[in-house]
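# Reading the structure
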Amino acid sequence: MNALIAAAFALLASAPSQQTLPLSPVVSGHYTVEVTLGENGPYPFILDTGASHTAVAEPLAETLGFVSTRTALDNVQSLTTRFEAERFMLRDLRVGTIQAEQMNAVVIPVAPETELASVGLLGADAFADRRIRIDFTTLTLDLDAPQTAYRDGVIDETSQLLIGYGRARGMRSEFHVMIDTGAARTMVNTALAVRESRPLARIHLGMYSLGGVDGSEKEQTDFVDLRRVRIGGRCVRRLPALKNDLDVFRALGWEDQPAMILGMDFLAGAVLTIDRTRGTFQLESGPSPGCQPRDRVQRETSGLSPSDWRRD
């Protein structure tokens, strides 16, 4: 009996403990969480579901011992382009109770004099085999969250991105959606914009910062006015989106299919639970009224074929 009790206590001691961490909004529209690197920090990192790998700004990497040689380069896919970047091994990265002894992070080139609200992007590799809940209504991140009740989308095995689909008024069929907390604004491709049956409201916006720690990725975009957008359990009456045929649509195989990168303008009132143990996610409306159960947009009820869910 004593052996059984000792074994039970050992299991409890080794199990991950649930913890709630605060999120901090930054002027770009993103949200950061504190990260420590060994005895250094804490540092503000953007919580980025659109990044498969954690990334660090070059000035911070240099303080930790990184020296750029531009010899060992990896291909990295961003929203706007595919580029070559160096890597740097982050040691003892900690986010609350989550700890990674080594993490091969992407180094983001940033001028040393640039003032940064965040110094890195916390990607999917930081939360491997975990279930987390991001509550943008209370600005909290729950580690080891309870299991989800709905399967609103899947986690792509190759890219580790959150892939779902949505509906909007006037559209005859569903459209692809990638959930990206690293994008301040929602963006749609031309294939989605032309599916709208009524005339679209478009206003030229000029140059707009699309992403990156320093907001260096800028594209010229137009405004598209979408109505009654439904994704998972969250519904909104109106969603102004940026129309842009981003390179990431091509990378996902969606260049000729209606598709959306869902940003923080839609997610700000949502609760997102990501279950990397089951490869699914759940999207809720938080305390505000959400979709009616019959209107909930889930993968199982999609009219898209199974091949449409796979990344090329």
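In what follows, the accompanying structure is described. Keep in mind it's a predicted model, so treat the numbers as computed, not measured.

What counts, and where the lines are drawn
Residues numbered from 1 in each chain as written. Predicted model: local features only at pLDDT ≥ 70, side-chain atom pairs only at ≥ 80, totals over all residues. Heavy atoms only, no water. Core = buried A, V, L, I, M, F, W, Y, C linked by side-chain atoms within 4.5 Å. Buried < 20%, exposed > 50% of the residue type's maximum accessible area, 1.4 Å probe, protein only. Helix = DSSP H or I, 4+ residues; strand = E, 2+ residues; numbered from the N terminus. 1 Å grid on protein atoms, 1.4 Å probe; cavity = no way out; pocket = protein on both sides within 12 Å on 5 of 7 lines; lining within 4 Å. Points joined across faces, edges and corners; volume = space filled by probe spheres on them. Nonpolar A, V, L, I, M, F, W, Y, C, P; charged D, E, K, R; others polar. Salt bridge = Lys/Arg side-chain N within 4 Å of Asp/Glu carboxyl O. Contact = heavy atoms within 4.5 Å. Pairing = 2+ DSSP bridges. Phe/Tyr/Trp six-rings, centres within 6.5 Å; stacked < 30°, edge-to-face > 60°. Lys NZ or Arg CZ within 6 Å of the ring centre and 35° of its normal.

Okay, the nonpolar core next. Ranked by internal contacts, the top residues of the largest apolar core, which has 57 residues, are Leu122, Leu141, Met260 and Leu262. In terms of residue count, strand E9 (residues 98-108) provides more of this core than any other element does, five residues in total. If you look at the next biggest cluster of nonpolar residues, it comprises 14 residues, including Ile163, Ala183, Leu242 and Ile261.

The next subject is empty space enclosed by the protein. As enumerated under the stated definition, the model contains two cavities of 30 Å³ or more in all. For the largest cavity, the calculated volume is near 70 Å³. Lining the largest cavity we find Leu47, Asp48, Thr49, Ala51, Leu122, Gly123, Ala124, Phe127, Ile132, Ile134, Ile274 and Arg276. Per-class residue counts for the lining of the largest cavity are eight nonpolar, two polar and two charged.

All right, on to the pattern of salt bridges then. Under the defined criterion, the tally for this structure stands at nine salt bridges. Residue Arg130 pairs with Asp144 through a salt bridge whose shortest N-O separation is 2.7 Å. Residue Arg130 is located in the loop between strand E10 (120-122) and strand E11 (131-135), and its partner Asp144 is located in the loop between strand E12 (140-143) and strand E13 (153-155); the two are separated by 14 residues in the primary sequence. Each member of the pair, Arg130 as well as Asp144, is classed as buried. Residues Arg238 and Asp225 are paired through a salt bridge, measuring 2.8 Å at the closest nitrogen-oxygen approach. One end of the pair, Arg238, is in strand E19 (residues 234-243); the other, Asp225, is in strand E18 (residues 217-231), with 13 residues separating them in the sequence. Judged by relative accessible area, which is 3%, Asp225 ranks as buried.

This next bit is on the environment of Ala117. Relative to the assigned elements, Ala117 resides in the loop between E9 and E10. On the basis of relative accessibility, which here comes to 44%, the residue Ala117 falls in the partly exposed class. Placed 85 residues apart in sequence, Ala117 and Thr32 show a C-alpha to C-alpha distance of 8.9 Å. The residues touching Ala117, leaving out its near neighbours within four places in the chain, are Val26 and Pro44.

Take the pairing of strand E21 (residues 271-275) next. Of all five residues in E21, five are buried, a share of seventy percent or more. Burial of E21 is two-sided: the residues Val271, Thr273 and Asp275 facing one way and the residues Leu272 and Ile274 facing the other way are all buried. Bridge analysis of E11 against E21 gives five bridges, and the strand direction is antiparallel. Within E21, the residue paired with Ile132 across the bridge is Ile274. Relative to strand E22 (residues 280-284), E21 runs antiparallel, the two sharing five bridges. Across the sheet, residue Thr273 finds its bridge partner in E22, namely Gln282. Between E21 and E22, which pair antiparallel one after the other, the connecting turn spans four residues, and Gly279 there sits at a positive phi close to 75°.

With that settled, consider the packing of aromatic side chains. Taken as a whole, this structure holds two aromatic pairs when the rule is applied. With centroids separated by 5.3 Å and ring planes inclined at 50°, the aromatic side chains of Tyr31 and Phe136 adopt a geometry described as tilted. A residue pair is termed long-range when its members are at least 10 positions apart, and Tyr31 in strand E3 (residues 31-37) and Phe136 in the loop between E11 and E12 qualify at 105 residues. You'll find Tyr31 and Phe136 in the same group, each marked buried. Between Phe66 and Phe88, the aromatic rings sit 5.7 Å apart at their centres with planes inclined by 70°, giving edge-to-face as the arrangement. On the criterion of sequence distance, the pair formed by Phe66 in the loop between helix H2 (58-63) and strand E6 (74-77) and Phe88 in strand E8 (residues 87-95) is long-range, its members being 22 residues apart. Note that Arg234 overlies the ring of Phe266, its terminal NZ or CZ placed 5.2 Å from the centroid.

Structural measurements only, silent on function.
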